[in-house]
Amino acid sequence: MVLRRQDDPDVRSLAAYRKAGGYSALEKAVRELTPDQIIQQVIDAKLRGLGGAGRLAGEKWRIVRGTEDNQKYVICNAYDADSRSYAARSLLAFNPHQVIEGIVLAAYAVGASEAFLVTRSLYKEGVEALQAALQEATEANLVGRDILGTDFSCTITVMGYDMGFMGGEETVQIAVIKGRRGMPEQRPPFPAQYGLWDKPTAINSIETLANVPVIVRNGPAAFASAGTGVTGGTKILSIYGVGSTEPKVVEVPFGTTLREILNHAGVSVGEDEVRAVVVGGAEGGALPLSLLDTPFDFDPIEQTGAIVGSGVIELLPSNTCMVAWAMERSRYLSKESCGKCVPCRVGVKRVTGILEGIVSDLGVNGDLDVLDEFASYIPNSSICGFGVQSMNSLKTAKKYWPEHFTLHVQELQCPTGTCVPVRSHRFVTKHVLP
């Protein structure tokens, strides 16, 4: 629906994209459909936020549309907070016109006349392709003033920056567009009511918006036929095999099992070679191979302890110590935290220290209880999704491989013999909750 196959024609030029049916959805929308009809189509298609949140996109648009304000905005989140995800960069580089069409359709639906696309400046190929496509679309009167001879106008501004993981957070993007320091804001109020320059703002991921032309062109029923009863359409996934540094980028219907996804990507999963499959990227959870038949959809994945997240799926080798893996993930996230709220800034760093002590044979039984407290306290007290999801690696590692933790603490042994000490002193164990 959104990802171009290798044998598909190149649709980066306007002529090629229009030959493949491009911008027919926009023409249909501005000439035949009302904004409310488009919103209803997106709701009927069961299109959810594909950046990881999973909220129905049409419901968010309905809130923005229904807000009484003359000025509204659309923000396309093409940042890819998880640098190992290839979703945004693939769409920008190989299908930029569909992204532009989706942005303009969203603006028409919510009543916005100005849109922003925020991405990583490191995506040079994608940014260049997008800028060229935007120039073509503007010259063809598909973007800008009085689009296609109607009284609907919409401009698109492209912004690129790099500030690590937190650059993909929606309120951080609002702050950066306004020229302020990129720090998350407490919600509510949500951007749909109080967003960019305190105006109603629809923020959607690039993958979400790229699906909108498909819905308007083919109808919501056709779109929803791919997927599940609660989530329509497909998801772009970046699959990393054992020891792989370059992913296999695939697009699969929601509801496809993890096993089928890995087979489709040509990634082998031998029980003698693989310890776990990590679903959701940097903040995802590790699952045992016994859960490979789990359908890839928001609710089933979250029930296992993982998340859809960035759409990154990674295989861990069989010699992985899950304590050391959780430690490395926690260490990475502690450095990526913006530092605004205490639970995230201090808590994730404290978890890292405790895990470093356990890996270094300095752990005691009480450490495991404190880790459980932090695993509950940090998600429940953080102000943005970064902190909410930051403990998934720890929670799934303890849930599915508890013997790795107890062996380290009680026997002072690594279950795989691969851990090396990283600390010479341990944190004093103190409970954080009454």
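None of the values given here were measured: they were computed from a predicted structure. (Residues numbered from 1 in each chain as written. Predicted model: local features only at pLDDT ≥ 70, side-chain atom pairs only at ≥ 80, totals over all residues. Heavy atoms only, no water.)

Visitor: So what exactly am I meant to see when it comes to the sheet that holds strand β4 (residues 201-205) here?
Guide: Strand pairing in a sheet relies on backbone hydrogen bonds, with the paired strands running either antiparallel or parallel. Taken in spatial order, the four strands of this open sheet run β3-β2-β1-β4, and their pairing is parallel. Two strands lie at the open edges of the sheet, namely β3 (155-161) and β4, each paired on one side alone. The sheet shows a mean angle of 20° between the axes of neighbouring strands, direction not considered. In this sheet, β4 lies alongside strand β1 (residues 73-78) in parallel orientation, the contact comprising five bridges. Following the sheet pairing, Tyr-73 is matched in β4 by Thr-201. (Pairing = 2+ DSSP bridges. Helix = DSSP H or I, 4+ residues; strand = E, 2+ residues; numbered from the N terminus. Axes fitted to C-alpha atoms, helices over the stretch in contact; angles between N-to-C directions.)

Visitor: How should I be thinking about the sheet that holds strand β6 (residues 248-253) in this particular structure?
Guide: Pairing in this open sheet of five strands is mixed, and the strands run β6-β5-β9-β7-β8 from one edge to the other. At either margin of the open sheet sits one strand with a lone partner, and together these are β6 and β8 (285-287). The mean inter-strand angle of the sheet, taken between neighbouring strand axes irrespective of direction, is 30°. Where strand β7 (residues 274-279) lies against strand β9 (residues 312-317), five bridges are found, and the strand directions are antiparallel. Note on β9: the bridge partner recorded for Val-279 is Ile-313. Of the strands in this sheet, β7, β8 and β9 touch helix α13 (residues 322-336), which is tilted by about 30° from β7. (Contact = heavy atoms within 4.5 Å.)

Visitor: How should I be thinking about the packing of helix α5 (residues 87-94) against helix α7 (residues 124-139) in this particular structure?
Guide: Pairs of packed helices are described in terms of their axes, by the angle between the two and the distance that separates them. For the pair α5 and α7, the least separation of the axes is 7 Å and the interaxial angle reads 40°. Regarding the angle of α5 to α7, the classification is oblique. Between α5 and α7 the crossing geometry is left-handed. Here α5 contributes Leu-92, Ala-93 and Phe-94 to the contact with α7, which in turn contributes Glu-125, Gly-126, Ala-129 and Leu-130. Class assignment for the residues of the contact of α5 with α7 results in five nonpolar, one polar and one charged. (Parallel < 35°, antiparallel > 145°, perpendicular 65-115°, else oblique. Left-handed = near helix turned anticlockwise from the far one by under 90°. Nonpolar A, V, L, I, M, F, W, Y, C, P; charged D, E, K, R; others polar.)

Visitor: Can you help me understand the nonpolar core in this one?
Guide: Across soluble globular proteins, you tend to see nonpolar side chains buried next to one another. Counting residues in each nonpolar core, the largest one holds 87 residues, and the members touching the most others are Trp-61, Ile-100 and Phe-296. When residues in this core are grouped by element, the largest group, 10 residues, is from helix α6 (residues 96-110). With near-sequence residues (within four places) excluded, Ile-100 lies in contact with Tyr-23, Leu-130, Ala-133, Leu-134, Ala-137, Val-143 and Ile-156. Residues Met-322, Cys-341, Val-370 and Leu-371 belong to the second largest nonpolar core, which totals 52 residues. (Core = buried A, V, L, I, M, F, W, Y, C linked by side-chain atoms within 4.5 Å. Buried < 20%, exposed > 50% of the residue type's maximum accessible area, 1.4 Å probe, protein only.)

Visitor: What's the story with the packing of α6 against helix α9 (residues 206-218) in this structure? I'm lost.
Guide: Following both chains from N to C, one finds α6 and α9 inclined at 80°, their axes separated by 7 Å at the closest point. Classified by the angle between their axes, α6 and α9 sit roughly perpendicular to one another. Touching Gln-98, Val-99, Glu-101, Gly-102, Ile-103, Leu-105 and Ala-106 of α6 are Ile-206, Leu-209, Ala-210, Val-212, Pro-213, Val-214, Val-216 and Arg-217, all from α9. When its residues are assigned to classes, the contact of α6 with α9 shows 11 nonpolar, two polar and two charged.

Visitor: Explanation requested: the pairing of β3 in the structure shown.
Guide: Two faces make up the sheet, and in a regular strand the side chains alternate between them. Both strand β2 (residues 114-120) and β3 contribute to a ladder of seven bridges, which runs parallel. Along β3, the bridge assignment pairs Arg-120 with Tyr-161. Chirality of the crossover, the property in question, places the unit of β2, α7 and β3 among those that are right-handed. (Right-handed = clockwise from strand over helix to strand, strands pointing away.)

Visitor: How should I be thinking about the packing of aromatic side chains in this particular structure?
Guide: Each aromatic ring pair is summarised here by two numbers: the centre-to-centre distance and the angle between the ring planes. As enumerated under the stated definition, the model contains 10 aromatic pairs in all. The interplanar angle of 45° and the centroid separation of 6.4 Å between the aromatic rings of Tyr-73 and Phe-116 together place this pair among those described as tilted. Placement of the pair is Tyr-73 in strand β1 and Phe-116 in strand β2, with a sequence separation of 43 residues. For the pair formed by Tyr-73 and Phe-116, the shared burial category is buried. Put simply, the rings of Tyr-73, Phe-116 and Trp-197 touch in pairs and so form one group of aromatic residues. Note that Arg-84 overlies the ring of Tyr-240, its terminal NZ or CZ placed 3.9 Å from the centroid. (Phe/Tyr/Trp six-rings, centres within 6.5 Å; stacked < 30°, edge-to-face > 60°. Lys NZ or Arg CZ within 6 Å of the ring centre and 35° of its normal.)

Scope: geometric values only; no functional claims are made or implied.
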